[in-house]
Amino acid sequence: MTPEPALLDAPRVPATPPPLDWLTLGDAFEAACLLRCTPPPTGARRATDAVPGVEFNREDAAQRMRQLLGRLDIPVTHEAAVGGLRRRYELHRLWVPREHHGAYTRVLDAGWRQGRRELLGGPLPGASPARRRWVSRLAAAAWRSALLAGGRHVRRHILGVRITDRELAAVLIRAAAVLDVPARLRPGTGCFLVSVADGPDRERILSSAALEPARRPVC
């Protein structure tokens, strides 16, 4: 019986991309959380212009996103606009050039998937102290993004953020637990309210989410 010929040109299954190193993961995960806090930009752009875009109503959130993307070697254009008549407001739009769109999408998708898995996977048996520290940093990054770009809901007895993304809301609950702070999730109209109690819990979240100095200069 004649053996069947080997299929030399059979399609290969694409290899799983290697995991991001911790430094890259921290920046990519935080940028992905910032993106999930925001709606799609309202300003129209021609297809030949820069894509994609993200829009913030706070300058410090836009500057943080610029800093993170600069660390990830992704250039970005920052545009500021002022609107409103009686009540003035600012919009800060960031645009990634078309030639960097693929890299932007890949690194933020990878950062979100890997960071979310690290946080929601629970404590790993025998995890090294270094890994536990980095998971805590991911937790702080998630809350930093929400406090910068989410809808703040501050009352006398709570510190809260309004989030429209269900997965990000779950990540914030888990991130608070990693930081040893109990958090509550309450559905709202078109959003989720994630909150922590005033007092030591609030102070721990704010302290953990404080911005750290840049680890290298941003161009």
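Worth saying up front: this structure is predicted, and the values here are computed from it rather than measured.

K.L.:
Give me the overall build of the protein: which residues, what numbers.
P.N.:
Helix and strand counts for the protein come out as six helices and seven strands. Each helix and strand of the protein, ordered N terminal to C terminal, gives the series α-β-α-β-β-α-α-β-β-α-β-β-α. Within the span of the protein, comprising 219 residues, buried residues form 41% of the whole. Pairs at least 24 apart in sequence give 68% of the contacts found in the protein among residues at least 6 apart. Total accessible area computed for the protein in this model is approximately 13300 Å², and 55% of it derives from carbon and sulfur atoms.

K.L.:
Talk me through the packing of helix H4 (residues 129-149) against helix H6 (residues 200-208); I want residue IDs and the actual numbers.
P.N.:
In the contact formed by H4 and H6, the axes pass within 8 Å of each other and the chain directions differ by 95 degrees. One way to sum up the angle between H4 and H6 is to call them roughly perpendicular. In this structure, H4 uses Ala-140, Trp-143, Arg-144 and Leu-147 to contact H6, whose residues at the interface are Ile-205, Leu-206 and Ser-208.

K.L.:
Summarise the sheet that holds strand S2 (residues 77-83); cite the residues concerned and give the values.
P.N.:
If you walk across this open sheet you meet the three strands as S1-S3-S2, and the pairing is antiparallel. Of all the strands in the sheet, just strand S1 (53-56) and S2 have a single pairing partner and so form its edges. Across this sheet, the average inter-strand angle for adjacent strands is 20 degrees, counted without regard to direction. Relative to strand S3 (residues 89-95), S1 runs antiparallel, the two sharing four bridges.

K.L.:
Summarise the sheet that holds strand S6 (residues 184-187); cite the residues concerned and give the values.
P.N.:
Taken in spatial order, the four strands of this open sheet run S4-S5-S7-S6, and their pairing is antiparallel. Each edge of the sheet is formed by a strand with only one pairing partner; in this case those strands are strand S4 (151-154) and S6. In this sheet, neighbouring strand axes are inclined to one another by 25 degrees on average, regardless of whether the strands run parallel or antiparallel. In terms of strand pairing, strand S5 (residues 158-163) meets strand S7 (residues 192-197) through six bridges, oriented antiparallel. Bridge pairing in S7 links Val-161 to Val-194. H4 rests against S4, S5 and S7 of the sheet, and its axis sits at about 80 degrees to S5.

K.L.:
Outline the environment of Ser-136, listing residues and values.
P.N.:
Topologically, Ser-136 is positioned in helix H4. Separated by 18 residues in sequence, Ser-136 and Glu-118 place their C-alpha atoms 10.0 Å apart. Leave out the neighbours within four places in its chain, and Ser-136 touches Val-178 and Leu-179.

K.L.:
Got a sec to walk through the state of the cysteines? Specific residues and values, please.
P.N.:
Every disulfide links exactly two cysteines, by a covalent bond between their sulfur atoms. Across all of its chains, the model carries zero disulfides by this definition. Not engaged in a disulfide, the cysteine Cys-37 finds its nearest cysteine sulfur in Cys-33; these two sulfurs lie 7.0 Å apart.

K.L.:
I'd like to hear about unusual backbone geometry, residue by residue, with values.
P.N.:
Despite not being glycine, Asp-73 shows a phi value in the positive range, around 60 degrees. If you trace the backbone, Asp-73 turns up in the loop between helix H2 (59-71) and S2. Residue class for Asp-73 comes out exposed when judged on its relative accessible area of 60%. In this model, Asp-180 sits at a positive phi of 65 degrees, which is unusual for a non-glycine residue. Its location among the elements puts Asp-180 in the loop between helix H5 (166-178) and S6.

What counts and what doesn't
Residues numbered from 1 in each chain as written. Predicted model: local features only at pLDDT ≥ 70, side-chain atom pairs only at ≥ 80, totals over all residues. Heavy atoms only, no water. Helix = DSSP H or I, 4+ residues; strand = E, 2+ residues; numbered from the N terminus. Buried < 20%, exposed > 50% of the residue type's maximum accessible area, 1.4 Å probe, protein only. Contact = heavy atoms within 4.5 Å. Areas by Shrake-Rupley, 256 points an atom, 1.4 Å probe, with all protein chains shown as cover. Axes fitted to C-alpha atoms, helices over the stretch in contact; angles between N-to-C directions. Parallel < 35°, antiparallel > 145°, perpendicular 65-115°, else oblique. Pairing = 2+ DSSP bridges. Disulfide = S-S within 2.5 Å.

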